[in-house]
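One-letter residues, chain by chain:
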Amino acid sequence: MGYRVAIVGATGNVGREMLAILEELNFPVEKMHAIASRKSKGMEVAWGDKTIYCEDIERFDFSTVDIVLMSAGGDVSRAWSEKIGKLGPIVIDNSSAFRQDKDVPLIVPEVNPDAVKQAKKKNIIANPNCSTAQLVVALKPLHDAAKIKRAVVSTYQSVSGAGKEGMDELWNQTKAIYGLGDATPKKFPKQIAFNVIPYIGSFRDDGYTDEEAKMWEETHKMLDPNIKLTVTCVRVPVFVGHSESVTVEFDRPIEPDEAREILREAPGVLVVDKMEHDGYITPVDAAGEHAVFVSRIRKDPTVENGLSFWVVSDNLRKGAALNAVQIAQLLDETGTITPKSGVRTVIV
Ligand code: 2RA
C-alpha cells in the first residue's frame, strides 16, 4: 500500500526514468498511472515487472491520485498543472513553467528542503532545470563554508536534454556523415555529430540564451540571490550526462583540500579527484548514476580566493527524474502529504 501516483509524459526520456527510479528507491506506490497525450494513448511502459498502458490525459480523473509527476513539456504544464493542483494532488512539475512563480517552491532536496513548506500554496512544486540541479548540489556545501561571491560556469550538455528526438538526431547524423542517410539538422540548429553548439533554448535580447538565464535565476531562487553568475551553455555530442566547468570566487581563502573535505561530506556529492586517469569523471561514467560528481578541484590563481572544478551528473536522473522522486520522498518524510488510502507501507 502507499501513494497513488500519476506520471504525465510517461513515454518520454524523463518519464521512463521516473518509473524506474520510483521502483529502484522503493517509493511506496499503491497504484501507478501512466498518462500521455491522446496520440500516445494505449502505448505501453514498464512498471517493475509489469506493463502498464498509457491513459488519456483528457479523460483521467486526477482527483483520485496523491502525487502527479509532470514531464510533458512547458505547454502541457501550463495547460494542466494548476488545474490538477486544484483537484488535490501535489504536482511535481519538471518544466520551466512555474519555476519563477513566487507561490511555487523550486526544490533540490540537498539544497533547500525547507521550501517544501510552501508546497500547499498551489499544490505545485517545480523541479529545476537539469544543468542548475547538479550545479547547486555542488555549490551549496561550499557556499555554507565560504560565501560565494561570483561564479563562471560553462556547460557541456548532452543531447538527451533535448529529449528522444535529440538522441535520435545525434545517432542518425553520426551514421549519415559516414554516408548512411540524411545529416540535415532538424532538432538542433546546427550539426551536432562531431560538433558543439553554443546555443540551447532561445536567444534573449541581452545576448544570453534562456537556458543560460535559467541557471542564474534558479540558483538565486534556491541558494542565494546575491551570487553573481555568468553562464555559457553548450550542446555537445554526448548521449547522457551534463558536464560543467565551474570557477568560483569566495569571500575568504579556501584551499582545494578544504573544498574536497567539504564536498566529501556533502549529501548527493561524490568527489573523484586524483591526478590520474581514474581520478576524474566523464559523462559516460556518470550515466545511470545518482550522484553529482566533482573532479579537478584546483586553485584559480587569477582571482582572490578562487577555485575551479568540474561537475558531472546524469541529466535524466539528478537533473530531472531522480530529483522529482526525491521531492516526492521529501513530501512523504515531512508528512506534507499522506496517502489517500491512509496506509503507508514500504514494500522491500
Ligand atoms: C537541455 N536543460 O539540456 C535542457 C533540458 N531541460 O536541453
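Residues numbered from 1 in each chain as written. Predicted model: local features only at pLDDT ≥ 70, side-chain atom pairs only at ≥ 80, totals over all residues.

If you check an unreviewed UniProt entry, the protein chain appears there as Aspartate-semialdehyde dehydrogenase from Brevundimonas terrae. Recorded under Function (unreviewed entry), the UniProt text for the protein chain is reproduced unchanged: "Catalyzes the NADPH-dependent formation of L-aspartate-semialdehyde (L-ASA) by the reductive dephosphorylation of L-aspartyl-4-phosphate." Note on the protein chain: under the UniProt heading Sequence similarities (unreviewed entry), the record states "Belongs to the aspartate-semialdehyde dehydrogenase family." (UniProt positions renumbered as here; feature names shortened; annotations may be inferred.)

> An account of the overall build of the protein chain is requested, with residue identities and associated values reported.
Along the protein chain, the regular secondary structure elements total eight helices and 14 strands. Relative to the globule expectation of 20 Å for 348 residues, the C-alpha radius of gyration of the protein chain, 20 Å, shows essentially globular dimensions. Projected onto the principal axes, the alpha-carbon positions of the protein chain cover approximately 60 × 55 × 45 Å. The buried share of the protein chain, reckoned over its 348 residues, is 47%. When contacts within the protein chain are restricted to residue pairs at least 6 apart in sequence, those whose partners lie at least 24 apart make up 68%. (Helix = DSSP H or I, 4+ residues; strand = E, 2+ residues; numbered from the N terminus. Rg over C-alpha atoms; globule rule 2.2 N^0.38 Å. Buried ≥ 20, exposed ≤ 12 C-beta atoms within 10 Å, placed from the backbone. Contact = placed C-beta atoms within 7 Å.)

> Please give an account of helix α8 (residues 317–333) that cites residues and values.
With 17 residues, α8 extends just 21 Å between its outermost C-alpha atoms, more than 12% less than the 24 Å of an ideal straight helix rising 1.5 Å per residue. The largest bend along α8 measures about 40° and falls at N323. After α8 finishes, the residue G335 shows a positive phi value of roughly 70°. (Expected span 1.5 Å × (residues − 1). Bend = angle between axes of the 7 residues up to and from the residue.)

> Any details on the UniProt feature "binding site: phosphate" (unreviewed entry) in the protein chain? Residues and values, ideally.
This chain's UniProt record puts "binding site: phosphate" (unreviewed entry) on R99. Among the structural elements, R99 can be located in the loop between β7 (90–93) and β8 (124–126). Looking at R99, the number of C-beta atoms within 10 Å reads 20, which means it is buried. Excluding residues that lie within four positions of it along the chain, R99 makes contacts with L106, A126, P128 and E218.

> Help me get a handle on the packing of helix α3 (residues 130–145) against α8, residues and values and all.
Between α3 and α8, the least distance of the axes is 8 Å, while the angle of their chain directions is 85°. Overall, the two elements α3 and α8 adopt an arrangement that is roughly perpendicular. Taking contact as the criterion, the partners of C130, A133 and Q134 in α3 are, on α8, K318, G319, A320 and N323. Its residues placed into classes, the contact of α3 with α8 shows three nonpolar, three polar and one charged. (Axes fitted to C-alpha atoms, helices over the stretch in contact; angles between N-to-C directions. Parallel < 35°, antiparallel > 145°, perpendicular 65-115°, else oblique. Nonpolar A, V, L, I, M, F, W, Y, C, P; charged D, E, K, R; others polar.)

> Requested: an account of the domain arrangement of the protein chain, with residues and values cited.
On domain assignment, one finds that the protein chain holds domain 1 (3–128 + 320–333) and domain 2 (131–315). The centre of domain 1, based on its C-alpha atoms, is set 25 Å off from the matching centre of domain 2. The leading source of residues in the side of domain 1 that touches domain 2 is α8, at three residues. Split into classes, the residues belonging to the side of domain 1 that touches domain 2 amount to six nonpolar, six polar and two charged. (Domains from an automatic or database assignment.)

> Any details on the site of the ligand? Residues and values, ideally.
Close to the ligand lie N129, C130, S131, Q157, G161, A162, I200 and E211. Across the shell around the ligand, the residue classes tally to three nonpolar, four polar and one charged. (Near = placed C-beta within 6 Å.)

> An account of the sheet that holds strand β11 (residues 242–250) is needed here, citing residue identities and associated values.
What the six strands build is an open sheet, ordered β10-β9-β11-β14-β13-β12; its pairing is mixed. The open sheet is flanked by β10 (228–235) and β12 (269–271), the only strands paired with a single partner. Recorded for the sheet is a direction-independent mean angle of 25° between the axes of neighbouring strands. In the sheet, strand β9 (residues 148–157) pairs with β10 via eight bridges, with the strands oriented parallel. (Pairing = 2+ DSSP bridges.)

> Residue-level account of unusual backbone geometry, with values.
Located in the positive-phi region is N123, a residue other than glycine, with phi close to 55°. Here N123 lies in the loop between β7 and β8. Its 19 C-beta neighbours within 10 Å are what place N123 among the partly exposed residues. The phi torsion at R296 lies on the positive side, around 55°, for a residue other than glycine. Looking at where R296 falls in the secondary structure, it is placed in strand β13 (residues 292–300).

> Explain the nonpolar core residue by residue, including any values.
Counting 95 residues, the largest nonpolar core has I7, M18, V68, I92 and V294 as its most contacted members. Split by domain, the residues of this core number at least three in each of domain 1 (3–128 + 320–333) and domain 2 (131–315). The residues touching V294, leaving out its near neighbours within four places in the chain, are A138, L263, V269, V271, D273, F309 and V311. (Core = buried A, V, L, I, M, F, W, Y, C linked by C-beta atoms within 7 Å.)

> Lay out the environment of P128 in plain terms, naming residues and giving numbers.
Mapped onto the secondary structure, P128 falls in the loop between β8 and α3. The class of P128 is buried, set by 27 C-beta atoms lying within 10 Å. Taking C-alpha positions, P128 is 6.4 Å from L106, a pair spaced 22 residues apart along the chain. Look past the residues within four positions of P128 in its chain and what remains in contact with it is R99, L106, V108, A133, E218 and M222.

> Break down the packing of α3 against helix α6 (residues 256–265) for me, citing the residues and quoting the values.
The contact between α3 and α6 brings their axes to 9 Å, and the two run at 120°. By the angle between their axes, α3 is oblique relative to α6. In terms of crossing hand, the pair formed by α3 and α6 is right-handed. Together, A138, P141, L142 and A145 of α3 and A259, I262 and L263 of α6 make up the contact between the two elements. (Left-handed = near helix turned anticlockwise from the far one by under 90°.)

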